[in-house]
Each structure stands twice: as structure tokens, then as C-alpha cells.
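These are the residues of each chain, in order.
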Amino acid sequence: MKISKKWFAVFTLPLMIIFTIVVVIPFFIGIGYSFFEWDGFAKHQAVWVGMQNYLDVLRDDRFISAEIRTVIFTVIAVVSVNLLGLIFALLVTTKMKVANLSRAMLFMPYLIGGLILGYIWKAVFSEWFLSLGIGNWLTDAKKAMAAMIIVTTWQMAGYVMIVYITGLMAIPEEVIEASSVDGASYWQTLTKIRLPLLMPSITICLFLTLSNCFKVYDVNVSLTGSGPANQSELFSLNIFNEIFEQNNFGYGQAKAIIFFLIVAIITLVQVSITSKKEVEM
Amino acid sequence: MNSKFKKIIPNILMMAFCLVYLLPIYMIFTNSFKSRSEMYENMMALPSRLTLEYYQSALSKMNFWVSLRNSLLLTVISIGLIVILSSMTAWMIARYKGKVSRFFLSLLIATMLIPFQTIMMPLMQEMTWIEKRTGLTMTDSIPGLIFMYIGFGAGMAVFLFHGFISTIPISLEEAATIDGCNTWQVFWKIVFPNLKSTTITVIILDVIWIWNDYLLPSLTLKAKENRTIPISASKFFGQYTISWNEAMAALVVTILPVIVFYLFCQKYIVKGVAAGAVKG
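Residues numbered from 1 in each chain as written. Chains lettered and ligands numbered in written order. Predicted model: local features only at pLDDT ≥ 70, side-chain atom pairs only at ≥ 80, totals over all residues.

Thoughts on the domain arrangement of chain A
How big an interface is tends to be reported as the loss of accessible area on association of its parts. Residue and element names in this part refer to chain A. The domain architecture assigned to chain A consists of domain 1 (27–59 + 248–281) and domain 2 (70–233). Taking the mean C-alpha position of each, domain 1 and domain 2 sit 29 Å from one another. Across the contact, eight residues belong to domain 1 and eight residues belong to domain 2. Considered class by class, the residues forming the side of domain 1 that touches domain 2 number four nonpolar, three polar and one charged. (Domains from an automatic or database assignment. Contact = placed C-beta atoms within 7 Å. Nonpolar A, V, L, I, M, F, W, Y, C, P; charged D, E, K, R; others polar.)

A word on the environment of A:Ser275
If you trace the backbone, A:Ser275 turns up in helix H12 (residues 249–280). Residues A:Ser275 and A:Pro200 lie 75 residues apart in sequence; the distance between their C-alpha atoms is 9.8 Å. (Helix = DSSP H or I, 4+ residues; strand = E, 2+ residues; numbered from the N terminus.)

Describing unusual backbone geometry
Residue and element names in this part refer to chain A. Between Gly227 and Pro228 the backbone carries a cis peptide bond, its omega angle lying at -10 degrees. Despite not being glycine, Ser226 has its phi angle at roughly 70 degrees, a positive value. Among the structural elements, Ser226 can be located in the loop between helix H10 (218–224) and helix H11 (235–245). Classification of Ser226 as buried rests on a count of 20 C-beta atoms within 10 Å. Positive phi values are uncommon outside glycine, yet Asn247 reaches one of about 60 degrees. (Buried ≥ 20, exposed ≤ 12 C-beta atoms within 10 Å, placed from the backbone.)

Overview of the interface of chain A and chain B
Counting residues at the interface gives 68 residues for chain A and 68 residues for chain B. Mapped by element, the contributors of at least two residues to the side of chain A that touches chain B are helix H1 (5–33), helix H4 (99–112), helix H5 (114–132), helix H6 (141–169), helix H9 (199–214), H10, H11 and H12 of chain A. It is H1(A) that contributes the most residues to the side of chain A that touches chain B, 19 residues altogether. Residue composition of the side of chain A that touches chain B, grouped by class: 53 nonpolar, eleven polar and four charged.

Description of the nonpolar core
In terms of nonpolar packing, the biggest core is built from 145 residues, with A:Met161 and B:Leu251 touching the most fellow members. Among the domains, domain 1 (27–59 + 248–281) and domain 2 (70–233) of chain A are the pair contributing at least three residues each to this core. In contact with A:Met161, not counting residues within four places along its chain, are A:Gly85, A:Phe88, A:Ala89, A:Leu106 and A:Phe107. (Core = buried A, V, L, I, M, F, W, Y, C linked by C-beta atoms within 7 Å.)

Observations regarding the packing of H4(A) against H6(A)
All names here are of chain A. For the pair H4 and H6, interaxial distance at closest approach is 7 Å and the crossing angle is 120 degrees. Classed by the angle they form, the pair H4 and H6 counts as oblique. For H4 against H6, the interelement crossing comes out left-handed. Counting all contacts with H4, which are made through Leu106, Phe107, Met108, Pro109 and Tyr110, the residues of H6 involved are Trp154, Gln155, Met156, Gly158, Tyr159, Met161 and Ile162. (Axes fitted to C-alpha atoms, helices over the stretch in contact; angles between N-to-C directions. Parallel < 35°, antiparallel > 145°, perpendicular 65-115°, else oblique. Left-handed = near helix turned anticlockwise from the far one by under 90°.)

See below:
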């Protein structure tokens with residue numbers, strides 16, 4: 001089939017032009033900004049500082065603690081999301097009558113969106129806990145982080161459950177039957193047969209949650225709003241506050257570029273691992 | 001009798017667990033009817049009386065119907081355009097093999113790595129600049145926001161469409177060309193109707209994303225009449241005292257459209273999310 005250049009342009013250019021304006025150009029402008037010091041006011045001159053913004057990051061205590069917090073948060077949340085999601089998937093793929101209904105209920109939080117979920121749980125951790133005499137979790141730095149992990153788990157467990165269900169359904173019925181004929185217990189079938197066969201889904205989910213948790217922003221804004229005293233501020237929110245609250249446009253943009261590099265590395269490692277796995281299968 | 005009983009127990013336990021799991025949603029619902037003092041007596045209790053008082057004030061404070069209209073327009077038009085433009089681009093890239101096609105595809109896929117926070121500031125600068133130069137309202141407007149969502153949605157959508165189009169044989173399209181269809185007709189009459197399953201996946205993933213998105217609209221929308229639903233809801237949770245009954249009524253009306261959407265399209269949503277996660 002011959003397609004003329006004219007038709008190629010008609011079909012692709014509208015999208016590619018919008019895409020270039022919205023994503024590609026700002027990305028390169030952003031790299032440029034990260035070498036300047038600028039307060040965001042059009043009238044004020046931006047000053048070239050070279051690599052200084054990237055070096056300043058190393059001495060920025062607020063940023064480094066936000067960074068460490070983000071890593072700890074991400075590790076714990078990834079484990080809890082996947083563990084819970086996997087248990088949910090195992091439960092709703094049984095022959096229980098309520099399996100489909102439970103699947104629908106457990107998945108629901110994912111659709112509501114991080115911002116609103118954060119507000120819903122703010123009511124739980126502050127008002128309900130106060131009324132029970134437990135005390136407000138969101139005014140304590142450690143408990144606020146625990147709250148962040150709980151809400152993120154609540155949001156994403158149902159999501160990874162869906163991926164795990166797809167993986168579990170793909171395991172041939174005969175394999176499971178054969179193992180039970182051979183006298184394997186539920187636990188043996190699970191650890192020796194189903195989990196190894198589920199490895200591709202587990203890899204997908206681990207990385208999906210890894211980059212999603214690392215980038216978390218909405219729940220942070222609505223649940224704790226970086227408080228108390230910035231002690232629950234995570235990476236994304238730190239970038240936002242640096243640029244739009246502190247008006248350090250150049251410095252904040254340097255953090256944004258570092259953020260991009262980390263996310264890109266996580267994703268590229270994921271892609272190389274998952275594509276290798278597919279070859280093996 | 002005994003075996004029947006044994007079958008019922010896990011079902012009851014599972015249901016009980018799911019209900020406990022969704023308790024926070026029940027909590028905002030029941031407290032949206034209560035006065036402040038009644039709420040703190042027992043937040044898990046049912047309200048002593050049903051009053052729509054807090055709903056009325058919440059709806060008017062958040063300008064609910066205007067926000068709902070904005071969110072609907074934003075979501076529907078953005079997704080409509082993402083589907084149309086991305087499927088056209090993906091088809092061309094898949095069928096017209098060459099350097100330009102390869103470059104477009106790798107550019108679209110590579111930029112899926114860029115987190116929004118990395119380009120939010122320069123994007124806002126650029127949009128303000130375009131607005132000043134051309135007079136087009138790029139900032140603080142729904143059309144401007146739609147423009148940006150097309151750009152951000154392009155990568156994922158082209159990737160999914162391209163993956164599917166590569167698996168369908170070209171012969172039907174060639175036959176249509178011989179029958180006298182031009183390229184435009186081939187795409188809309190032959191190709192596009194075959195993309196239904198991918199189109200549904202793209203729609204589902206983008207509805208969840210755009211309807212709930214907060215950061216991008218919070219950066220551009222300033223005027224009250226332009227607010228989307230998440231932005232309006234966020235105004236109840238300022239720094240100082242929160243009027244919880246109104247705030248919870250606002251949360252209930254905010255998640256209601258999502259629940260309705262879920263009830264009607266559950267099958268598609270679950271399939272779409274699974275497909276998106278595995279391929280993305």
C-alpha cells in the first residue's frame with residue numbers, strides 16, 4: 001500500500017506538534033533552567049550558575065531528608081502494596097460465591113484518586129482517632145509517614161490485585177490439579193507452583209508500584225501537606241515547594257532533573273528485566 | 001448441613017473484611033449528615049436524622065454543577081482528541097516504514113519516562129509566553145488544559161495503538177485502496193472500527209487519570225468558574241479549621257460520579273487497567 005507524504009503529514013503532524021510543544025520543548029527548557037538562579041519573576045534577570053544548583057542539593061538538609069524519607073516510604077509501601085494485592089488476588093480467585101463482589105469492592109479505592117483518598121483518610125487519622133482518644137496521627141512525624149503508607153497501600157493494593165488476578169488466571173488448571181493429585185498441600189502448590197509461575201506478574205507489579213510510590217504527590221498534599229514541620233514531605237512535593245513556595249525556580253528545576261534521572265533509571269531497569277523474562281518464557 | 005455451613009463461613013468472613021476495608025468511605029458518608037457535636041460523639045454511628053443541609057451548602061460553596069460541567073468537558077474532549085489523533089498517528093507510524101516514523105515512535109515512547117514534576121515549571125512558563133504572543137488563552141482555561149492533556153496522553157495512547165495495529169494484517173487496507181478508497185477513508189472505514197478494544201483501554205486509563213488529576217489543573221486554573229471537581233473539593237481543606245460535615249458532603253458528591261462510572265463500566269475498567277499495566 002502506497003501512502004503519500006502529504007497523508008503522512010496530515011495524520012501525524014497535529015499530534016506531534018502538540019506533543020512537542022507540551023512535552024519536548026519544556027523538557028529542554030527545563031534542563032536549561034537548572035543551570036540558572038532565578039526567582040520566577042519575569043522582570044528579574046536569571047543568573048547563570050553552571051553546576052552550582054546540582055552541588056547545592058548535596059548541602060540541602062530539607063531535600064536530603066525528604067529524599068531519604070521517600071526511599072524508606074517507597075520500600076515499605078512497595079512491599080505492603082504487593083503483599084496485600086497478592087493475598088487479595090489469591091482470595092478472589094477462589095470458588096467463593098462472593099469472589100466477584102469482593103474483587104469489585106477491593107479495587108474501588110484505586111478509582112477515587114490520590115487527592116480525594118488523602119482527604120477521606122485525613123478524617124480517619126485526625127478526627128476519628130481524636131474522638132477515640134488515640135490522638136491525631138497527622139501531627140506526629142513518624143505516625144504521619146505510617147499514615148502515608150497505609151493510604152498508599154489502600155489505594156494501590158486493589159490495582160496490583162487486578163494484575164495478579166490476570167497472572168493467576170493464566171496458570172493452566174491442569175498444573176494445579178496434577179499437583180493436588182500428587183498430594184501437594186495448598187501451601188506447597190502456592191510456593192512451589194503458583195508463585196514461580198507468577199514471577200512475570202510480580203516483576204511488573206514491583207516496578208509499577210516502585211515508580212508510582214516514588215512519584216507520589218497527591219496523597220502527600222491532601223493527607224499531611226508535608227507537615228508537621230515538613231517532616232512528611234516527599235520528593236515530588238519538595239520540588240513543588242522549592243519552585244512555587246520558595247520561588248527558587250532554577251534550584252527547584254535542578255531537583256526536578258535529578259528526579260527525572262532517578263525515575264528514568266528505575267523504569268529502564270524494569271524494561272530490561274521484563275523483556276528478558278519474556279524471552280525465557 | 002455441616003458442609004453447607006463450611007461453605008458459608010469463608011463467604012461471610014470475606015464480605016466482612018471487604019466492608020471493613022471500605023469503612024473510610026462509609027465514614028465520610030455517615031458524617032456528612034451530622035452536626036459537629038454529633039460527629040464527635042461516635043463517628044461510626046448512623047446519623048440521628050437525615051438532613052441535606054450540609055450538602056446544600058457544600059454544593060453551592062464548591063460551585064458543584066459548574067465544576068462537574070468543567071470536569072466532564074475536560075475529560076470527554078481531551079480523551080476524544082487523544083483517541084482520534086493518537087490512533088491516526090499510530091496507524092501511520094505502523095504502516096509508513098521509514099526514518100521519520102521510527103523517530104516519532106521512539107520520541108513518544110522515550111518521553112513517557114519524564115515525570116510531570118520535571119516539566120511543570122517550564123511548561124507553565126511556555127504557556128504564559130504563548131498566551132502573551134498569540135492571545136490564545138492557554139493558562140486558566142479549559143481549552144488550554146485540553147491542549148496539554150493531549151500532549152501528555154499522546155505517548156501512552158500511541159504506544160498502545162501501535163502495538164495493536166502491528167498485529168492486524170494489512171491486506172484489508174490494501175483491498176480497500178484498490179476499491180478506490182483514499183487514505184483518509186481507509187483509516188476511518190476499515191482501520192478505526194477494528195481498534196475498538198484498544199480504544200476502550202485508552203479511554204478507561206485516561207478517564208481515571210484526567211478526572212482525578214490535581215497537580216496540572218491546580219497550576220493553571222485560577223478563576224473559580226474554571227475549577228474542576230478535585231480542585232473545588234480541595235478548597236474545603238485549607239490550612240485552618242475544616243468544617244467537616246460540609247467537607248465530607250463535598251467528598252461524597254465528588255466520588256459519586258466515579259462510583260456511578262464504576263458500576264456501569266466495571267468489566268471494561270478492570271480489563272482496561274490490567275491491559276494498561278501489563279503493556280505500559
